[in-house]
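Architecture and fold: a report
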Amino acid sequence: RKRAYKIAVILRDKEKDFWDLVKRGINQAEAEHAEIGIKIERFIVNGIDEKEQIEVIKSVIADQYDGLAIVPMLSKNVQKILSQAVKEGIKVLLFNTRIECAKTCYVGEDAFQSGRTAGRMMSLLAKIEGRYLVVSQGQGMNYGLDQRYQGFRQVIEADRPDLKCIGFIDGEGDYGKVYRMVSDFLSREKADAIYTTNAVVEVVAKAAVEHGVAKQIKIIGHDALPSTLKYLRKGVIDLLIDQEPQRQGYLAIDK
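Overview of the structure. Just so you know, these numbers come straight off a predicted model, no measurement behind them. (Residues numbered from 1 in each chain as written. Predicted model: local features only at pLDDT ≥ 70, side-chain atom pairs only at ≥ 80, totals over all residues. Heavy atoms only, no water.)

1. As for the pairing of strand S8 (residues 193-196)
Side chains Ala 193 and Tyr 195 project from S8 onto one buried face, and the interleaved Ile 194 and Thr 196 project onto a second face that is buried too. Two strands pair when backbone bridges link them, and strand S6 (residues 131-136) and S8 are joined in this way by 4 bridges, in the parallel orientation. If you follow Tyr 132 over to S8, its bridge partner there is Ala 193. Between S8 and its parallel partner strand S9 (residues 218-222), the chain crosses via helix H7 (residues 201-210), and the hand of that crossover is right-handed. (Buried < 20%, exposed > 50% of the residue type's maximum accessible area, 1.4 Å probe, protein only. Helix = DSSP H or I, 4+ residues; strand = E, 2+ residues; numbered from the N terminus. Pairing = 2+ DSSP bridges. Right-handed = clockwise from strand over helix to strand, strands pointing away.)

Okay, structure coming up:
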């Protein structure tokens, strides 16, 4: 039809290693589809700033983009504005994080099943009547993290009722805060296992090493990134569940 197609991509600004891989996949798809007139505009927003994400979506609607690939926040207001985008004729693709709203499709992991996998692994690794800590990041605003945790809990409660949860730490998107909170916790409490819902497992592993308890704690987390894999190779992290961020970025444009 001899015209360019504009696609907006809305990404988060946290977890640089993870989103760098997503961007690599986006760049790959952009290069492969350049000859058919695909133009991509990237928007980087604060992962827990509802107002900022909504304002960017509004600008995408106003500028009449053909498509929107977005990592959405868990927010009724975001759901509402995305549904409006669909009504305006914009193809809306959710990736990495699924929420209930009008959309064309979703690209990403099944977060609930990913959490169940973590729960099964914890069931196998944790000692009898062990004590475990859960560490998350801004969970109340992230549907995927909530689903991982729910899947994890479902398996643990069914298969290992002997395990005791001794704490839940939520860093609200601040890795430095998580490190300080975990470090403080380990200085006061004895944990046999730690489950983390995302790549914050990196700073959990760092805290375990610095407190000299890495060999005594089973650590399970998500996202096989350069920053987390180094601790896996050293045996500090016992298990990582990957979600193929580069492929997610590629498919978000390809679809």
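Let us keep going from here.
2. A short note on the state of the cysteines
Applying the stated rule across the entire model yields 0 disulfides. No disulfide involves Cys 101; its nearest neighbouring cysteine sulfur is the one of Cys 105, lying 11 Å away. (Disulfide = S-S within 2.5 Å.)

3. Notes on the nonpolar core
Ranked by size, the top nonpolar core spans 24 residues in total, and within it Val 135, Val 182, Ile 219 and Ile 237 carry the most contacts. Broken down by secondary-structure element, the contributors of at least two residues to this core are S6, strand S7 (164-170), helix H6 (175-188) and H7. When sequence neighbours within four positions are dropped, the list of residues in contact with Ile 219 reads Ile 194, Val 201, Val 204, Ala 205, Ala 208, Val 236, Ile 237, Asp 238 and Leu 239. (Core = buried A, V, L, I, M, F, W, Y, C linked by side-chain atoms within 4.5 Å. Contact = heavy atoms within 4.5 Å.)

4. Looking at the packing of H7 against helix H8 (residues 226-233)
Interaxial distance between H7 and H8 falls to 9 Å at its minimum, and their mutual angle equals 40 degrees. What the angle tells us is that H7 and H8 run oblique. The crossing of H7 and H8 is left-handed. From H7, Val 201, Glu 202, Ala 205, Lys 206 and Val 209 reach across to H8, where they touch Ser 227, Thr 228 and Tyr 231. Of the residues assigned to the contact of H7 with H8, the class counts are 4 nonpolar, 2 polar and 2 charged. (Axes fitted to C-alpha atoms, helices over the stretch in contact; angles between N-to-C directions. Parallel < 35°, antiparallel > 145°, perpendicular 65-115°, else oblique. Left-handed = near helix turned anticlockwise from the far one by under 90°. Nonpolar A, V, L, I, M, F, W, Y, C, P; charged D, E, K, R; others polar.)

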